[in-house]
Amino acid sequence: MEGIVVFITAPNEEEAVRIARALVESSIAGCVNIIRGLRSIYRWQGKIEDDSEVLMVIKTRKSLFGSLSQKVKELHSYSVPEIIALPIVEGSADYMRWLEEVTVIDRA
């Protein structure tokens, strides 16, 4: 299994919790950390924006990125949400085994 960490920003904690719960409940993600106090400065529609956001740090399988991205786009209030993934280069065997066990979409 190839593990990934996905970063997604949201405008507030309530929206992040709603997205996080949907991802974990559907087994698309094993764990979502929500980090408050993020300040984002970015260009959007020709203007420089400066906003408070929260960051979701999501652990999942690379093979589930498409499903994760689709689910986030369905639930997110942004027209272009940040959804970026980085590979997990190393991880403890116990954690990686757990991640593999809990990220199975077709549970019988």
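Because the structure is a prediction, the values reported are computed rather than measured.

For this particular structure, what's the right way to read the sheet that holds strand 1 (residues 3-10)?
Adjacent strands of a sheet form backbone hydrogen bonds with each other and so pair up, either parallel or antiparallel. An order of 2-3-1-4 is seen for the four strands of this open sheet, with the pairing classed as antiparallel. Every interior strand has two partners, whereas the edge strands, strand 2 (31-44) and strand 4 (84-87), have only one. The sheet shows a mean angle of 30 degrees between the axes of neighbouring strands, taken without regard to direction. Note: strand 2 against strand 3 (residues 47-61), 12 bridges, orientation antiparallel. The residue of strand 3 that forms the bridge with N33 is V57.

Looking at this structure, I do not really get the nonpolar core. What am I missing?
Nonpolar side chains in soluble globular proteins tend to end up buried together. If you look at the biggest cluster of nonpolar residues, it comprises 17 residues, and the most contacted ones within it are V6, I8, L23, M56, I58, L68 and V72. Of all the secondary structure elements, the ones that give two or more residues to this core are strand 1, helix 1 (13-25), strand 3 and helix 2 (65-75). When near neighbours in sequence (up to four residues on either side) are disregarded, V6 contacts M56, V57, I58, T60, F65, L68, I83, I84 and A85.

Teacher, can you tell me more about helix 1 here?
Because each turn of an α-helix spans 3.6 residues, side chains separated by three or four positions end up pointing in the same direction. Helix length check: helix 1 (13 residues) gives 18 Å between terminal C-alpha atoms against 18 Å at 1.5 Å per residue, within 8%. By the burial criterion, the buried members of helix 1 are E15, A16, I19, A20, A22 and L23. One side of helix 1 holds all its buried residues, which, seen down the axis, span an arc of 165 degrees. Exposed and oriented more than 90 degrees from the buried face of helix 1 are E14, R21 and E25.

Cut-offs used in this document
- Residues numbered from 1 in each chain as written.
- Predicted model: local features only at pLDDT ≥ 70, side-chain atom pairs only at ≥ 80, totals over all residues.
- Heavy atoms only, no water.
- Pairing = 2+ DSSP bridges.
- Helix = DSSP H or I, 4+ residues; strand = E, 2+ residues; numbered from the N terminus.
- Axes fitted to C-alpha atoms, helices over the stretch in contact; angles between N-to-C directions.
- Core = buried A, V, L, I, M, F, W, Y, C linked by side-chain atoms within 4.5 Å.
- Buried < 20%, exposed > 50% of the residue type's maximum accessible area, 1.4 Å probe, protein only.
- Contact = heavy atoms within 4.5 Å.
- Expected span 1.5 Å × (residues − 1).
- Arc of directions from axis to C-beta.

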